[in-house]
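Each chain, written out:
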Amino acid sequence: MDSFQIFTTSTSLVDSVDKKLLVVLRDGRKLIGILRSFDQFANLVLQDTIERIYVADTYGDIPRGIFIIRGENVVLLGEIDEDKEDESPLRQVPVEDVLQIQREEMEAKVKREKTKHRMLSDQGFSVDVAEFGELY
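Residues numbered from 1 in each chain as written. Predicted model: local features only at pLDDT ≥ 70, side-chain atom pairs only at ≥ 80, totals over all residues. Heavy atoms only, no water.

In the annotation of an unreviewed UniProt entry, the protein chain is listed under the name U6 snRNA-associated Sm-like protein LSm1 and assigned to Linnemannia elongata AG-77. UniProt lists a comment for the protein chain under the heading Sequence similarities (unreviewed entry), and it reads "Belongs to the snRNP Sm proteins family." (UniProt positions renumbered as here; feature names shortened; annotations may be inferred.)

Shown next, in the form of structure tokens:
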């Protein structure tokens, strides 16, 4: 057997301590911060955390400070290459602008969904409607 072993548990996070990470959560939020600690359940402690909100080709950052993340809420976790971080084709705008654009897009989506549901209902289809159109 090889001396090389791949860890598929939280111990694989050892090499990521003190590095800048992007963490995608189950609720869709994207957090960027420096991993300071983790435990056997993959609960994470991020320092200097920002919540990054993407809309089209722009993004805005909300400073969050120290952030504790329950391991079961992590969907994706990856190290950020700080050399390539500044080469992003996205442009940073004030978070208020991003939130406004996001709100407008959500309102347009809700309007489209209502129209679609009305048209399907008029044609005799049964339409399950959940808040924000998400059924999972």
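Draft legend 1. Structural view of the side chain of E51. Looking at the secondary structure, you find E51 in strand β3 (residues 44-55). In this structure E51 comes out as buried when scored by relative accessible area, which is 8%. Within the structure, E51 has its side chain in polar contact with the side chain of R64 (distance 2.7 Å). The contact partners of E51, leaving out residues within four places of it in the chain, are R29, K30, L31, G60, D61, I62 and R64. (Helix = DSSP H or I, 4+ residues; strand = E, 2+ residues; numbered from the N terminus. Buried < 20%, exposed > 50% of the residue type's maximum accessible area, 1.4 Å probe, protein only. Polar contact = N/O pair within 3.5 Å; in protein donor to acceptor, adjacent residues only side chain to side chain. Contact = heavy atoms within 4.5 Å.)

Draft legend 2. Local environment of the pattern of salt bridges. Tallied over the entire structure, the rule returns seven salt bridges. Between D27 and R29 there is a salt bridge whose closest N-O contact spans 2.8 Å. Its relative accessible area of 32% is what places R29 among the partly exposed residues. A salt bridge links E113 to K116, with the shortest nitrogen-to-oxygen separation between them at 3.7 Å. Of this pair, E113 and K116 both sit in helix α1 (residues 95-122), three residues apart, which is roughly one turn of that helix. By relative accessible area, E113 is classed as partly exposed at 25%. Classification of K116 as partly exposed rests on a relative accessible area of 43%. (Salt bridge = Lys/Arg side-chain N within 4 Å of Asp/Glu carboxyl O.)

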